[in-house]
Amino acid sequence: AQYGIVASHGDTVASEGPFDVPHGEITTKDLVLGPATVLRGHVVVDETGAACSAGIIELRGHDVVTLRVPLAADGAFAVYATSDPPHDLRAHCPGFASLAATPVDASKASVQLRVTRGRSVRGRVLTSQGTPAALVSVSAVPVAHDAAHPGQQTMSERDGTFVLTGLHPGPHDLRIDSVYNSWETTPADGPLRVEVPTDRDIDGIDLQLVHATNPNP
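What counts, and where the lines are drawn
- Residues numbered from 1 in each chain as written.
- Predicted model: local features only at pLDDT ≥ 70, side-chain atom pairs only at ≥ 80, totals over all residues.
- Heavy atoms only, no water.
- Helix = DSSP H or I, 4+ residues; strand = E, 2+ residues; numbered from the N terminus.
- Contact = heavy atoms within 4.5 Å.
- Areas by Shrake-Rupley, 256 points an atom, 1.4 Å probe, with all protein chains shown as cover.
- Buried < 20%, exposed > 50% of the residue type's maximum accessible area, 1.4 Å probe, protein only.
- Pairing = 2+ DSSP bridges.
- Axes fitted to C-alpha atoms, helices over the stretch in contact; angles between N-to-C directions.
- Salt bridge = Lys/Arg side-chain N within 4 Å of Asp/Glu carboxyl O.

(A) Representation of the overall build of the protein within the structure. Along its length, the protein carries zero helices and 18 strands. Contacts in the protein between residues at least 24 apart in sequence constitute 59% of all its contacts with a sequence separation of at least 6. Within the structure as shown, the protein displays about 12,400 Å² of accessible surface, and the carbon and sulfur contribution to it stands at 51%.

(B) Molecular detail of the environment of glycine 95. Examined against the element boundaries, glycine 95 turns out to sit in the loop between strand S7 (88–92) and strand S8 (99–101). A relative accessible area of 25% places glycine 95 in the partly exposed class. Taking the C-alpha atoms as reference, glycine 95 lies 5.1 Å from glycine 166; in sequence the two are 71 residues apart. Not counting residues within four places of it along the chain, the set of residues in contact with glycine 95 comprises Arg117, Gly118, Thr165 and Gly166.

(C) Region of the structure containing the sheet that holds strand S13 (residues 161–167). Spatially, three strands are ordered S13-S10-S17 in an open sheet, and the strand pairing comes out mixed. Strands with a single pairing partner mark the edges of an open sheet, and in this sheet they are S13 and strand S17 (202–208). Adjacent strand axes in the sheet meet at a mean angle of 30° when their direction is disregarded. Sheet topology note: the strand S10 (residues 119–126)/S13 ladder contains five bridges and is antiparallel. The residue of S13 that forms the bridge with valine 121 is leucine 164.

(D) Region of interest: the pattern of salt bridges. Summed over all chains, the structure comprises five salt bridges. Ionic pairing is found between arginine 119 and aspartate 201, a salt bridge with its closest N-O pair at 3.7 Å. In this pair, arginine 119 is assigned in strand S10 and aspartate 201 in the loop between strand S16 (192–196) and S17, connecting sequence segments 82 residues apart. Assessed through its relative accessible area of 25%, arginine 119 is described here as partly exposed. Judged by relative accessible area, which is 35%, aspartate 201 ranks as partly exposed. Taken together, the shared-partner salt bridges connect Arg119, Arg122 and Asp201 into one network.

Structure representation (structure tokens):
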């Protein structure tokens, strides 16, 4: 897997990545602290202009998430970044479509990100025997791979139901990953593709796990 590292001290910061960490090996990296750029801004709801007060802001550099901070009650945020561009900011607000600003103009005094209320997809995750599958990761990934409109992820409930919220209209691939049941996997024919409409939500989607070729109990 690829990782990134960020370190800060006072008004200085250093980051490194992305880089691979081989399994079972110890990786050593030297970080050199340098002047930091403070990125400030607000996250608001596009329809009303109200503040998003229960979300988080992600700072990304070189396609690696280097920092996650919660938003203040008024939707404000302040993050420290290296002076070297580019930097991406991604806002996540519950029930709203995530939004990314790519790249961030560090010369601006403040950045405003506006999130919109997206559509939802509801359904169930079932085992190969047709029984509810709990604690299964369900994700919706935009087919267009638009960095400004990332997908969403959730976990199935005890009864196998799931709700994906904050989706932008357009085609998405629904993927499932059975974390605790390693003997089951996503069907071999690939993820289920759905078209998220602009005027309504989707309900009644069934996603079924199947036995792996070589199960490991």
